[in-house]
Amino acid sequence: MDPVLIGELLAALMFFGVIGFLLIGFPVAFTLAGVSLLFGAAGLWLGVFDPSNFGSLPNRYIGFMTNEVLVAVPLFIFMGVMLERSQIAEQLLLTMGKLFGNLRGGLGISVILVGAMLAASTGVVGATVVTMGLISLPAMLRAGYDPKLATGVICASGTLGQIVPPSTVLIFMGDMLSGINSQVQMAKGNFAPVPVSVGDLFAGALLPGVLLVVLYLAWVIFKALTDPASCPATPVPAEEKGALGREVLIALLPPLLLILAVLGSILGGIATPTAAASVGAVGAMILAALRLRLSFGVLQATVISTATITSMVFVILLGASVFSVVFRMMGGDNLVHEFLGSLPGGRLAAVAVVMIIMFFLGFILDTFEIIFIVIPVTAPVLLALDVDPVWLGVIVGVNLQTSFLTPPFGFALFYLRGVAPDDMPTSAIYRGIIPFVGLQMVAIVLLFVFPELVTWLPRAIAG
């Protein structure tokens, strides 16, 4: 049999082998590396894989450790966890609930707005969904909200951290797409390609993030007008109204200024994402200290949580590097190129197929696992078809956010199920999220039809 065909067959089987072992329940990082080594050994035995290719791994790992952009990941995680552990996020939720409580659907509106703010400060979906589930869900149920609407609003708002800058997902995608785009452009004869940065992806994701927030708010307002019983008003007691303005100022202004300083410095070109992340981390500690909530216990818990999350992500990245080396050296990238390049419908059809694959992978894999596996394999083909790298990164982020919400395996649903009351049926959570999944689909269609929603702001900032 043709050695090229054998290599491509092994590469395809390796991909499905990884998925199979993950479904059994093996840890992701060890599955990626272990299955890749097994198939690499099979390729060596069949004469289609050279083990010397593993010699590139040390340089890759050193590159990860010395990559200044990736230093922003633990810093942004620290910033978000500090805001959560110091109860600043909790105070923000409670105060915004009072501010909009006099309106039908007011609690839902406040959850969406606070979810957007937490997304712009944490970038960690699990922490945001759990925090809002613990604080907002009991309040919404006590106020008489339809459990389906309450759970849907919380899950959808919590997943905004996938796409709203400074999303850690966008940081990794920006770093990967930057290198892939340079390689693709040089292969096409363009030796001075326009660089792609994490800041470009942050700018490109801003308007789609706002679009999702607007769609969520529109749905809550629609429910308030057509089904008032599902989201009644929760008037603020008269004795609390006098101090409400001061509460809003204290709870809202400091974190909002911190978010604006971090994102504004990145988008304005004043600071790199890493420098801005360090400012955000220090700023979060200052806010906690000003509220007398910065203690050794809080700092210790924040550091441990940050180290845990960061270690998990980077260990997966190391395992994915082994997978990428074996997959590409056995001809898997040629297989993907032939498959996507031969699709009727051109580059949009190729992007649509990749989005569908990533959507279904989102049922069983975490976001980082998906981008570490799929982006290195598919992005070179898509960028060679002249797909805009910033648009690709943003639409991948929105797509993965949708898979995070989709029953029956959406991770956000599991996070909320873990903190929801025992007497709340899981079916209520599943049914409640369906309208928001529909809104996500609307957003994806709009990004396909109007790519300028992503590309306009980065180009405007670049002049």
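Counting starts from 1 at the beginning of each chain's written sequence and moves along it residue by residue. This being a predicted model, a pLDDT of at least 70 is required before a residue's local features are given, and a value of 80 or more before pairs of side-chain atoms are given or counted; all residues contribute to the totals for chains, interfaces and linings. For the side-chain quantities, the full set of heavy atoms in the structure was used; hydrogens and water were omitted.

1. Description of a nonpolar patch on the surface
Stage number 1. Here, patches come from residues exposed beyond 30% relative accessible area and free of salt bridges, joined within 9 Å for like charges and within 5 Å for nonpolar side chains (Val, Leu, Ile, Met, Phe, Trp, Tyr). Shrake-Rupley sampling with a 1.4 Å probe provides the accessible areas, and residues are treated as covered by the protein chains on show and by no other component. Definition used for salt bridges: Asp or Glu carboxyl oxygen within 4 Å of a side-chain nitrogen of Lys or Arg. A surface patch of nonpolar side chains, amounting to about 530 Å² of accessible area, comprises L249, I250, L253, L256, L257 and L260.
Stage number 2. What counts as a helix is a DSSP run of H or I of at least four residues, what counts as a strand is a run of E of at least two, and both are numbered from the N terminus. Within the secondary structure, L253 is located in helix 12 (residues 244–267).
Stage number 3. On the basis of relative accessible area, L253 is assigned to the partly exposed category, the value being 38%. Three labels apply to residues, based on accessible area from a 1.4 Å probe with only protein chains included: buried if under 20% of the type maximum, exposed if over 50%, partly exposed otherwise in between.

2. Here we look at the pattern of salt bridges
Stage number 1. Tallied over the entire structure, the rule returns 3 salt bridges.
Stage number 2. In this structure, K148 and D146 form a salt bridge, with 3.3 Å as the shortest nitrogen-oxygen distance.
Stage number 3. As a salt-bridge pair, R459 and D388 come within 3.6 Å of each other at their nearest N and O atoms. Here R459 is found in helix 21 (residues 452–462), whereas its partner D388 is found in the loop between helix 17 (367–384) and helix 18 (389–405), with 71 residues between them in sequence.

3. Re helix 20 (residues 426–449)
Stage number 1. Here helix 20 spans 35 Å end to end across 24 residues, near enough to the 34 Å set by a 1.5 Å rise per residue.
Stage number 2. The bend reported for a residue corresponds to the angle between axes fitted to the seven residues ending at that residue and the seven starting there. Roughly 30 degrees is the biggest bend found in helix 20, and it falls at I434, with proline P435 one to four residues downstream.
Stage number 3. Within helix 20, the full set of buried residues consists of A428, I429, G432, I433, F436, V437, L439, Q440, A443, I444 and L447.
Stage number 4. Contact between two residues is taken to exist if any of their heavy atoms lie within 4.5 Å; hydrogens are not considered. Turning to helix 20, the residues buried within the fold contact helix 8 (147–158), helix 10 (198–226), helix 18, helix 19 (411–419) and helix 21. Expected helix span is given by 1.5 Å per residue-to-residue step, counting one fewer step than there are residues.

4. Examining unusual backbone geometry
Stage number 1. A positive phi angle, close to 60 degrees, is found at L292, a residue other than glycine.
Stage number 2. By relative accessible area, which is 80% here, L292 ends up exposed.
Stage number 3. Despite not being glycine, D386 has its phi angle at roughly 70 degrees, a positive value.
Stage number 4. Summarising the element assignment, D386 is placed in the loop between helix 17 and helix 18.

5. Things to note about the packing of aromatic side chains
Stage number 1. Any Phe, Tyr or Trp ring, taking Trp's six-membered ring, that has another such ring centre within 6.5 Å forms a pair; planes under 30 degrees apart are called stacked, those over 60 apart edge-to-face, and the others tilted. Taken as a whole, this structure holds 9 aromatic pairs when the rule is applied.
Stage number 2. Plain terms: the ring middles of F172 and F372 are 5.2 Å apart, the flat faces sit at 80 degrees to each other, and that makes the pair edge-to-face. Residue F172 is found in helix 9 (residues 168–187), and its partner F372 is found in helix 17; the two are separated by 200 residues along the sequence. The pair formed by F172 and F372 is uniform in burial state, with each residue classed as buried.
Stage number 3. Where F359 meets F360, the ring centres are 5.5 Å apart and the plane angle is 80 degrees; that geometry is what we call edge-to-face.
Stage number 4. What links up through ring pairs into an aromatic cluster is the set F172, F314 and F372.

6. Section: the environment of L446
Stage number 1. In this structure, L446 sits in helix 20.
Stage number 2. By relative accessible area, which is 26% here, L446 ends up partly exposed.
Stage number 3. Linking L446 and L211, residues 235 residues apart in sequence, is a C-alpha distance of 9.6 Å.
Stage number 4. Each residue touching L446, except ones within four places of it in the same chain, is listed here: L211 and L453.

7. Some thoughts on the layout of surface pockets
Stage number 1. Cavities and pockets were defined on a 1 Å grid built over protein atoms only: a cavity is a set of grid points that admits a 1.4 Å probe from which the probe cannot escape, a pocket is an open set flanked by protein on both sides within 12 Å along at least five of seven lines, and lining residues are those with an atom within 4 Å of any such point. Grid points are joined across faces, edges and corners, and a volume is the space filled by probe spheres set on the points. Each pocket or cavity is described by its volume, and for the largest pocket that value is around 610 Å³.
Stage number 2. When residues of the lining of the largest pocket are traced back to their parent elements, those giving at least two are helix 9, helix 10, helix 12, helix 18 and helix 21.
Stage number 3. Per-element accounting of the lining of the largest pocket gives the leading share, 5 residues, to helix 21.
Stage number 4. In this classification, the charged set is Asp, Glu, Lys and Arg, the nonpolar set is Ala, Val, Leu, Ile, Met, Phe, Trp, Tyr, Cys and Pro, and all remaining amino acids, among them Gly, are polar. Of the residues in the lining of the largest pocket, the class split is 17 nonpolar, 8 polar and 4 charged.
Stage number 5. Reported here for the second largest pocket is a volume of approximately 500 Å³.
Stage number 6. Considering the residues around the second largest pocket, the lining is formed by 19 residues, among which R60, F64, M176, I180 and P376 are closest to the centre.
Stage number 7. Those elements that provide at least two residues to the lining of the second largest pocket are helix 3 (57–66), helix 9, helix 14 (296–329) and helix 17.
Stage number 8. At 6 residues, the largest contribution of residues to the lining of the second largest pocket is made by helix 9.
Stage number 9. Here the lining of the second largest pocket is composed, by residue class, of 10 nonpolar, 6 polar and 3 charged.

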